[in-house]
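One letter stands for each residue in the lines below.
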Amino acid sequence: MTDPLILIILVPFAATIVAPAVARRLGAHTGWVLALAPAIVFAYVSRLLPIEPGTAHTVAVPWVGSLGIEFAFLADGLSVTFLLLISGIGALVMIYASSYLGRDPRLGRFYVFLLAFMGAMLGLVLADNLITLFVFWELTSVCSYLLIGFDHEKAEARAAALKALLVTGLGGLLLLAGFLLMGIAGEQLGLSAIAAGKISGLAAVDLREHAYYHAIFILVLLGCITKSAQVPFHFWLPAAMAGPTPVSAYLHSATMVKAGIYLLARLSPHLGGTPEWGWTVGLIGLVTMLTGSLATLGQRDMKRVLAYSTLAVLGTLVMLLGVGTEMAVKTAVVYLVAHAMYKAALFMVAGNVDHETGTRELHRLGGLRKLMPWTALAGILAALSKAGAPPMFGFIGKEMLYTTKLTVENVGAWAVVASVVANVALVASALMVSVWPFLGKRGDTPKKPHEAPLAMVLGAVLLSLMGLGRGLMPQPFETNLGSAAASAILGRPVEMHLALWHGVDPTALAVLGLSLLTLTLGGGLYFLIRRRVAPVGPLLRRLFSVGPTQLYDLTLQGIYSGADRVTRFIQSGRLRFYVMVTMLVTVIVAGPPLVRAFMGGPAAANGGWRIHEIIVAALALTAALAATALRSRLATLALVGVVGTCMGLLFVFFSAPDLALTQVMIEVLSVVILVMVLHRLPLVIKRSGRLSRGRDAVVAAAVGITMTLFVLTVARVDRDPTVSDFYLEQSVPAAHGRNVVNVILVDFRAMDTLGEITVLGAAGLGVLALLRLRRKERS
Amino acid sequence: MRDSLILRTTTRVIMPLLLLFSFFELLRGHNEPGGGFVGGLLAAGGLCLYMLAHGVDDARRVLRVDPRVLIGVGLLLALAAGLVPVFQGAPFLTGVWAENKVPGIGKVSTVLLFDVGVYLVVAGTTLLMVLSLAARDEEEDDPC
């Protein structure tokens, strides 16, 4: 447990405990203190650098050994890259958030969610066991749900949160199925249960040869593309912008949506490299890239512009992983890191603009450069990186993207065209979120803008400057981390060489030409949009307004109305109907096999009747018959009590004192409770019609016969005596008790009892809730 | 029913006896008929009797704590009894027994603690149902 790798996952979770108290004391300055948690993680992980390509540090803690599940963790180039992004951007977002939310009384809760999410994300990228990974994976979905729906009083936020949860949750379930198949396949290929659950253990076998490969591939892929918002599951991401801006900056651009990318990258040495992988993953990525980049042009809300451009980048990353060559993987690593930095910065910029001016609508903004100089600086630098302009880190990423497309054989010219189209759109959208609000004429804004406080500027400026720094000096990144990350994705050690200027050779010049063409076309496109020369916006909005969102809405509506109809049918609200259905189902399901068993078997051993047994049985029978005939509710109730007490007596006769005691107590208390209920009903029973009485009699007789057959059949079964002998023998030596019944309840099978008392308590609370509901309805 | 002087007087004596008897059942349950479940029912039965004679308010006053607290504490005790062996490296819910006998109770163990938890949950749930139903009868605003 003392391995620091495990401790760094626990740091954010530990911080959730103090977060509410800190938020109550410090208010808008909370972030500075709580940012310590990710800062500690960041500092620790930074000390692991440089990562040697092809190496990994692993640690495992036993969990459920019999199922091959353990808390196993692994740190290699890929994990560490993500760890640094999660903790580094996390620290800046933490600082940003308290200033952004200001005096919100729910600040403590917000930080609890955010820190829990961070812990889950750290666990996710470190996990080496498939089940461990799945647990953290689902935890990120849950935290994302809570964070998107943070403004839970807004219907829009609730719907967006549910959308994200349902889509990613569906993917999570498919992913679990894929993981389980992967574990089974791993074992069949000769791994031990523990090794088959381990991601690092999968290297020993070739899953691609296994019969389950296609099923595994499809299930895992669906899990990844729902999480990373790929077409056709992309629609939840723009909707998720309903969450507070720090959440968008952190979860929905830099980290969580990259979890699917992470998993694809993590599993590509084990599942990738096949034609199925290449075509499916590559095409999904390509379509998402085009959809996102074109849809971003139709948006005029800064956050939505950024959301759709995030889709485009996620698509690009998926496409690169689908191509899967060495060049493509290296490109993916650079693109991923560059995107995380500039997109988080741009979201913070959008948040600042929104916070200070009161609007994110582009056509109301303009000329903020002088009023918000630092925000403007960060925005423009980050947008340059996003546009892929030299000398930013994003430029290197885009150059590599074009090189990949030009050099890989099986990617045709159409992929180059698609990439250029997508990047032209990205350039235009980068200009939309930087030039539009900050340059030009002053806009008409709801609030009088001024610069945002330090906490809100710091993150954006730092991240955008890092984009510039990494672009000018890419060497530290490639030696410390980049090579190791690419090696982890490829499954073999490789070296990465990054540069702004590649010298004079045909490919490099062609790439440079494409880059310049992209920038020029992008600039031109922005000009067209800004001057409204062409109705690009409305056209694109109409084009992308139809799609899977409608399908989702229809499905959800269908489920709601279907559930409504089923509930109205089953839950008629009449107790008699419920009882009848329950009884009839019992008779129909259990009756026929019981009749068959009873007819075929030998006669039950009969020990003969004793006089007191006959008396008690006759008494019970008389009381039961009389209960059906009487009209007074109270008398009926008393008679039912008599039946129960007689049953208790029979238990005494057959030496089951524990049962008898409990039976009598239950009878007494039931009568008390029923009397209290009866108090509210008319004292004399109003008889139902002859027909329904006849029906009730038939149902009752059927139930009675079924139960009798059941008891008689059970009495005849030759039970294996070893079970009861075990309890009888072990009761005193192993559990120090002579009352075997009680020893079974509280010791041998205590887990069952714990479950039962939990249900019992919940049932009690349920009764209370129902009673209160009725009272509220009356008043 | 509440006006019966005889019932009111006798329940004052019978209720403590029933409670005592329920403890007795709880403690002896490990070796003789009894146990936490029956004990809890008996305790609830005793208080029900008191409630029938004196009314819901008096019964609550005698109980002192909200029945919901009994449920919560009971569940926590049962859970704690299960966690004690975990800290000693044994599986969840393994019985851990003290070395020495406690006078009047006998050998103390996590199993007994677990049974106390069962006792409290059963008593709490039953009382919760009965008291809130009765409060509804008396048309009070808030049963708890």
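Placed above this text is the structure.
Residues numbered from 1 in each chain as written. Chains lettered and ligands numbered in written order. Predicted model: local features only at pLDDT ≥ 70, side-chain atom pairs only at ≥ 80, totals over all residues. Heavy atoms only, no water.

Enquirer: Pulling in residues and values, what's your account of the overall build of chain B?
Expert: Scanning chain B from terminus to terminus reveals five helices and two strands. If you list the helices and strands of chain B from N to C, you get α-α-α-α-β-β-α. Taking all 144 residues of chain B together, 47% fall into the buried category. Contacts in chain B between residues far apart in sequence, at least 24 positions, make up 65% of those at least 6 positions apart. If you sum the accessible surface of chain B, you get close to 6800 Å²; carbon and sulfur atoms cover 66% of it. (Helix = DSSP H or I, 4+ residues; strand = E, 2+ residues; numbered from the N terminus. Buried < 20%, exposed > 50% of the residue type's maximum accessible area, 1.4 Å probe, protein only. Contact = heavy atoms within 4.5 Å. Areas by Shrake-Rupley, 256 points an atom, 1.4 Å probe, with all protein chains shown as cover.)

Enquirer: Pulling in residues and values, what's your account of the interface of chain A and chain B?
Expert: Facing 41 residues of chain A, the contacting portion of chain B comprises 50 residues. Between chain A and chain B, the buried area comes to about 4000 Å², and carbon and sulfur atoms account for 70% of it. Three residues, A:M676, A:I757 and A:R775, lead the burial of chain A against chain B; their summed loss comes to 14% of the area buried on that side. Between chain A and chain B we count one salt bridge in total. Residue A:R738 is joined to B:E32 by a salt bridge in which the shortest nitrogen-to-oxygen separation is 3.4 Å. On inspection of chain A and its partner chain B, the count reaches four residue pairs in polar contact (both at pLDDT 80 or more). Counting residues per element, the ones that place at least two in the side of chain A that touches chain B are α27 (657–678), α30 (740–748) and α31 (750–778) of chain A. Among the elements that line the side of chain A that touches chain B, the one with the most residues is α31(A), at 18 residues. For the side of chain A that touches chain B, the class distribution of residues is 23 nonpolar, ten polar and eight charged. (Buried area = accessible area lost by both parts, 1.4 Å probe. Salt bridge = Lys/Arg side-chain N within 4 Å of Asp/Glu carboxyl O. Polar contact = N/O pair within 3.5 Å; in protein donor to acceptor, adjacent residues only side chain to side chain. Nonpolar A, V, L, I, M, F, W, Y, C, P; charged D, E, K, R; others polar.)

Enquirer: So, a positive patch on the surface: which residues are in play, and what are the values?
Expert: On the surface, a cluster of positive charge is made up of A:K441, A:R530, A:R531 and A:R532. You can see A:R532 is positioned in the loop between α21 (506–530) and α22 (536–545). (Patch = residues over 30% accessible without salt bridge, like charges linked within 9 Å, V, L, I, M, F, W, Y side chains within 5 Å. Lys, Arg positive; Asp, Glu negative; His and termini not counted. Charge placed at Lys NZ, Arg CZ, Asp CG, Glu CD.)

Enquirer: Describe the pattern of salt bridges, listing the residues and the values that go with them.
Expert: All names here are of chain A. In the structure shown here, the tally under the stated rule is 18 salt bridges over all chains. Linking E70 and K198 is a salt bridge whose minimum nitrogen-to-oxygen distance equals 3.3 Å. Of this pair, E70 sits in strand β2 (residues 69–75) while K198 sits in the loop between α8 (193–197) and α9 (213–227), and the two are 128 residues apart along the sequence. E70 gets classed as buried once you look at its relative accessible area, which sits at 10%.

Enquirer: Any details on the packing of aromatic side chains? Residues and values, ideally.
Expert: Residues and elements named next belong to chain A. Considering all chains together, one arrives at 17 aromatic pairs over all chains under this definition. Aromatic side chains W63 and F71 sit 4.3 Å apart centroid to centroid with 10° between the ring planes, which places their arrangement in the stacked category. A relative accessible area of 39% means that W63 is categorised as partly exposed. Taking the centre distance of 5.9 Å and the plane angle of 5° together, the rings of Y213 and F217 count as stacked. Residue Y213 and its partner F217 are both found in helix α9; the two are separated by four residues, about one turn of the helix. By relative accessible area, F217 is classed as buried at 4%. By the ring-pair criterion, three or more aromatic residues cluster together here, those being F110, Y111 and F150. Above the ring of W137, the side-chain terminus of K227 is found at 5.0 Å from the ring centroid. (Phe/Tyr/Trp six-rings, centres within 6.5 Å; stacked < 30°, edge-to-face > 60°. Lys NZ or Arg CZ within 6 Å of the ring centre and 35° of its normal.)

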